[in-house]
Amino acid sequence: MTGLPAQLLHDLRSPLNQIIGYSEMLSEDAEGQRREDFMKIRAAGHRMLAVIEENFTSIHENSTTIAGNDREEMELESTAVTRHLTVAPGLVLVVDDDAGNRDVLSRRLTWQGHSVTTAGSGSDALLKMRETAFDLVLLDIMMPDMDGYEVLGHIKADERLLHIPVIMISALNELQSVVRCIEAGAEDYLSKPFNPILLKARIDSCLEKKRFRDRETALYEQLQTNYQRLQEVEKLRDDMRNMIVHDLRTPLTAMIVGVEMLEQDSALDEMQHEIVTIAAGGGKTLLGMINDLLDVEKMEAGSALLQYEELSANVLVTGALGQVASLALAGENTLLTEIAPGLPAFAGDRNKLSRTLVNLIANAIKFTHGGTVTIAVARSGSESIRFAVRDTGEGIPSEAFERIFEKFGQLDSRRVGTGLGLAFCKLAVEAHGGRIEVESTLGVGSTFSFTIPLAP
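Fair warning: this is a prediction, and the values are worked out from it, not measured in the lab.

About the criteria used
Residues numbered from 1 in each chain as written. Predicted model: local features only at pLDDT ≥ 70, side-chain atom pairs only at ≥ 80, totals over all residues. Heavy atoms only, no water. Helix = DSSP H or I, 4+ residues; strand = E, 2+ residues; numbered from the N terminus. Expected span 1.5 Å × (residues − 1). Buried < 20%, exposed > 50% of the residue type's maximum accessible area, 1.4 Å probe, protein only. Polar contact = N/O pair within 3.5 Å; in protein donor to acceptor, adjacent residues only side chain to side chain. Pairing = 2+ DSSP bridges. Axes fitted to C-alpha atoms, helices over the stretch in contact; angles between N-to-C directions.

Enquirer: Describe in detail helix α11 (residues 350–366), supporting the description with residues and values.
Expert: Taking 1.5 Å of rise per residue, the 17 residues of α11 would be expected to cover 24 Å, and the 24 Å separating its terminal C-alpha atoms lies within 8% of that figure. For α11, a buried count of 13 out of 17 residues is recorded, marking the element as mostly surrounded by other parts of the structure. One side-chain oxygen of the residue at the start of α11 lies 3.2 Å from the amide nitrogen of Asn351, identifying that residue as Asp349.

Enquirer: How would you explain the pairing of strand β10 (residues 384–391) if you had to name every residue and give the values?
Expert: Across the eight residues of β10, six count as buried, placing the element largely inside the fold. As defined by bridge partners, strand β9 (residues 372–380) adjoins β10 across eight bridges and the pair is classed as antiparallel. Residue Ala376 lies in a different strand from β10, and its bridge partner there is Ala388. Count of turn residues in the β9/β10 antiparallel hairpin: three residues, of which Gly381 carries a positive phi of about 75 degrees. For β10 and strand β12 (residues 445–453), the ladder comprises seven bridges, and the chain directions are antiparallel. Opposite Val389, over in β12, you have Phe448 as the bridge partner.

Enquirer: Tell me about the sheet that holds β10, and name the residues and values.
Expert: Reading across from one edge, β7-β9-β10-β12-β11 is the order of the five strands in this open sheet, with mixed pairing throughout. At either margin of the open sheet sits one strand with a lone partner, and together these are β7 (334–339) and β11 (435–441). Direction aside, the axes of adjacent strands within the sheet are offset by 15 degrees on average. By the bridge criterion, seven bridges tie β11 to β12 in an arrangement that is antiparallel.

Enquirer: Can you break down unusual backbone geometry residue by residue, with the values?
Expert: Phi is positive for Asp145, which is not a glycine, with a value near 65 degrees. Positionally, Asp145 belongs in the loop between β3 (136–140) and α6 (148–157). Unusually for a residue other than glycine, Glu332 sits at a positive phi of about 55 degrees. Relative to the helices and strands, Glu332 is located in the loop between α10 (313–330) and β7. Judged by its relative accessible area of 65%, Glu332 is exposed.

Pasting the structure below:
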């Protein structure tokens, strides 16, 4: 027999669905003869539904149709199991243009422990969804004015609603309709009449996924809030530190000037002169640490401007060696240079590059005892010049290569210092468009090298 129009099939099935649904709920609560009577009503409804499916549906899917005693046995088993399932309550919106269908489904869901709101049309459903945060929507497909497909499209196009799971429901069980709903973003699809345990299982599954997504969203938002607060605290800390450090520089400079003037006093005896000299050196060291910290902060913030001028590698190296000569002598180290002939002049910030060389050479001397520290300069390709500081010291483990260039980074507790020297070197070199690297072998020595472009 040829198939009937979908709307007519829908209209035939709807009252049968209601008869089956009400009889199911009544049989669950009834006992004895009354329960058997309700079961007979329900079985008759299923048989009538089976007749419609077998004779008036153009494509009959045996895999999804259960009739007669088999259906009745499954329903009885479902009812028994449903009573023992743990319900995870949720706020559910039932959307159906038929009041009877809404009532049957609402009663079933309320019996399972959920809070239920109903809507008789697609526009009413969308309005309620924008006013209330539902956990799940059960959406009928065949409705006048705005059908379920169109409502689903509006839901998935709305940023506020798209994360709410939607189960499509229909009196028709058509594969094409199922595929269309899933592709449009529906979480699941159910055909009427509902098997109670199947209905509950799919609703619970959707609610569990929704709660999992909600937990993920809440956790992500909390992480974002914590990260923002952390950034605010770090900025406050950095601002306060910079303010304190900056304010320390003025009185410290005045103290150094005073100590240096006292150092020139001929009335001091030898011990007093030595003490004043030590105090002046300590003050200059502290001032250098303060300047390093402020310079590092400025370069990290991108607010430090380079003062470019034409530089000579020979002059730069000679000046740096003059500042560390006494340190090398105290450590019984030999300073060597390997400067390639005919090196071109290059553009750079004299102060920052000089401090970079001094820091690298001073570090090499500090961790080399009775050895050699070699400063080598050569061309690196056609557009850069390479400076390298090579020592025969104790070496650095490879896993520490990145950490030593971080601000306040220390190799270990034995290495005294602020941890700012190499951070300054890295930032100064990168500000010039260059790159700094380290190679090291434990017990053999280390080589720190950096390249500077010939032109800025």
